[in-house]
Every structure is written in C-alpha cells, then in structure tokens.
Amino acid sequence: AQSVAQPEDQVNVAEGNPLTVKCTYSVSGNPYLFWYVQYPNRGLQFLLKYITGDNLVKGSYGFEAEFNKSQTSFHLKKPSALVSDSALYFCAVRDRDRTDKLIFGTGTRLQVFP
Amino acid sequence: NAGVTQTPKFRVLKTGQSMTLLCAQDMNHEYMYWYRQDPGMGLRLIHYSVGEGTTAKGEVPDGYNVSRLKKQNFLLGLESAAPSQTSVYFCASSDFNQPQHFGDGTRLSIL
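Computed from a predicted model, the values in this text were never measured in an experiment.

A.B. asks: What am I meant to see in the interface of chain A and chain B here?
C.D. replies: Often the size quoted for an interface is simply the accessible area lost on bringing the parts together. With 22 residues of chain A in contact, the opposing surface of chain B contributes 23 residues. Taken as a group, D100, K101 and F104 of chain A account for 26% of the area that chain A buries against chain B, more than any other trio of residues on that side. Here chain A and chain B share one salt bridge between them. With a closest N to O distance of 3.0 Å, R42 of chain A and D104 of chain B form a salt bridge. Those elements giving two or more residues to the side of chain A that touches chain B turn out to be β5 (33-38), β6 (44-50), β10 (87-94) and β11 (102-104) of chain A.

A.B. asks: Can you walk me through the side chain of R68 of chain B in this structure?
C.D. replies: All names here are of chain B. Looking at where R68 falls in the secondary structure, it is placed in the loop between β7 (64-67) and β8 (73-78). Of the side chains bearing the opposite charge, E30 lies closest to the buried R68, which forms no salt bridge; the N-O distance is 5.5 Å. In terms of polar contacts, R68 uses its side chain to reach the backbone carbonyl oxygen of E30, at 2.6 Å.

A.B. asks: Honestly, the sheet that holds strand β3 (residues 19-25) of chain B in this entry has me stumped. Any pointers?
C.D. replies: In sheet architecture, strand pairing relies on hydrogen bonds along the backbone and comes in two forms, parallel and antiparallel. All names here are of chain B. Spatial strand order, β1-β3-β8-β7: four strands in an open sheet with antiparallel pairing. One side of each edge strand has no neighbouring strand; the edge strands of this open sheet are β1 (4-7) and β7. Strand after strand, the sheet turns through a mean of 20 degrees between neighbouring axes, direction not considered. Summarising the sheet, β3 and β8 pair through six bridges and their orientation is antiparallel. The partner of A24 across the bridge, within β8, is N73.

A.B. asks: How should I be thinking about the packing of aromatic side chains in this particular structure?
C.D. replies: One pair of aromatic rings is described through two measures. These are the centre distance and the angle between the planes. Residue and element names in this part refer to chain A. Counted according to the given criterion, the structure contains 15 aromatic pairs over all chains. Arranged with centres 5.8 Å apart and planes meeting at 15 degrees, the rings of Y25 and F67 form a pair that is stacked. Remark: F67 occurs in strand β8 (residues 64-68) and Y25 occurs in strand β4 (residues 24-26); sequence separation between them is 42 residues. Judged by its relative accessible area of 6%, F67 falls in the buried class.

A.B. asks: Whenever I open this one, the pattern of salt bridges confuses me. Can you help?
C.D. replies: Pairing is possible between side chains that carry opposite charge, provided their charged atoms lie close to one another. Residues and elements named next belong to chain A. A complete count under the given rule lists nine salt bridges over all chains for this structure. Its salt-bridge partner being K58, residue E64 comes within 3.0 Å of it at the nearest N-O pair. Exposure remark for E64: the relative accessible area of 17% places this residue in the buried category. You can call K58 exposed: its relative accessible area is 64%.

Rules behind the numbers
Residues numbered from 1 in each chain as written. Chains lettered and ligands numbered in written order. Predicted model: local features only at pLDDT ≥ 70, side-chain atom pairs only at ≥ 80, totals over all residues. Heavy atoms only, no water. Contact = heavy atoms within 4.5 Å. Buried area = accessible area lost by both parts, 1.4 Å probe. Salt bridge = Lys/Arg side-chain N within 4 Å of Asp/Glu carboxyl O. Helix = DSSP H or I, 4+ residues; strand = E, 2+ residues; numbered from the N terminus. Buried < 20%, exposed > 50% of the residue type's maximum accessible area, 1.4 Å probe, protein only. Lys, Arg positive; Asp, Glu negative; His and termini not counted. Polar contact = N/O pair within 3.5 Å; in protein donor to acceptor, adjacent residues only side chain to side chain. Pairing = 2+ DSSP bridges. Axes fitted to C-alpha atoms, helices over the stretch in contact; angles between N-to-C directions. Phe/Tyr/Trp six-rings, centres within 6.5 Å; stacked < 30°, edge-to-face > 60°.

So, in structure tokens, the structure goes:
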C-alpha cells in the first residue's frame, strides 16, 4: 500500500534561516508526491508536486522539494524562512489506482520565530 | 473566484441527529472528495466521486453517505451522528493528474 511518513510533529526555525520539513514515502511503482500547506482555519493549499523529471521541484512561495529515490524521501525546503511560513505542512502520495486519491501524512507544524 | 465552497462552516449536533454537508465547486472538475481531519492523524478520505452520478468509499466511510447528483455538488450525510464524528470536514475537487483544490472546512461538534 502507498504511504508517506512525516517523522517530525513540529519544526522550529529562526526567521532567515533555511528550513527543511521531512517526508519519506513507501510506494509500489513510480511515486507521485505532493506538498500542501494549511494556514489556521483554512483548507489545504497546493505547494508543489513531483511526477517525473528533475529531482528538485520548485513550487509556490519560494518553496522547493528534493526527490531522492535511493532514500525514498521528498523533503520540503526553503533557503530563508519567513514568519509568515508558519503553518501546518502535509506530504501526500497519489494512490495506485487512477482516481487521483491522495494519501496524506500526519502533518508537520512549522514555527518560524522572529 | 469561489473555487470550492463548503456549507455550513460550523455546526453543533446532538448524538443521533442527522445532517448534510454541502460542497460546491465552480471549476468544472470531474473528481470530488470528502476528508476528515483529526489531530495527529492528517486527512483521511471518507468518500469520493470520479464523476457525476458516481460515488465510492474511501478509507473511513462508515457512518457517512454521499451523493453527486450534479457535477458541481458533492453532499456528505450523517444519518445518526456519533461523538466519534466530531471533526473538521474538508471537501476537495480536481481533474485527473491535477492538484486538488480544497474548501475551508466545516467544523462539526457532536455532543
């Protein structure tokens, strides 16, 4: 079965420092991987996706993610964190069937301190 | 741009009551989904639809029913609410191989 794991419940980083939010995956076949962000009292917003091609994927708001097949990881990164990046981040993988169902990780809360 | 609209935004029910959550999308998407979000558990898929008139069970379908009579609407019903169904419910829509678009959620408390 397809699954993703987010090993950190919370990540704390100082504003201006680089940030990494970790995600590992377990899939049969080629993975379709996604990152979403959720701000308080809002729905999830799409950040970026990996389907095929370059291992470094660029997304919205200056975020990028690095696909690493040998480590089965898809970590979210940003070179310089902003206080406004504080939110809940979800990694997701598309299910094997062709219905576009997503399987989400448990989420990582990012706290950026001034 | 409305996108995905969920009504109501908040609701408090008593155990055993019934209600329907409405999701409407204006992007002409084929696929629609209902998730529930609980602390520490991420989002779990309740039911989904791959087109008008079709529905299918997701990961946690028990206690819920859905209908998709019109392409733009996806209804989630609770026939007899239970405290375990206290959650935040999210609707999403998409086209094949495209990112899902989410509504802002319905916060449901069952006493």
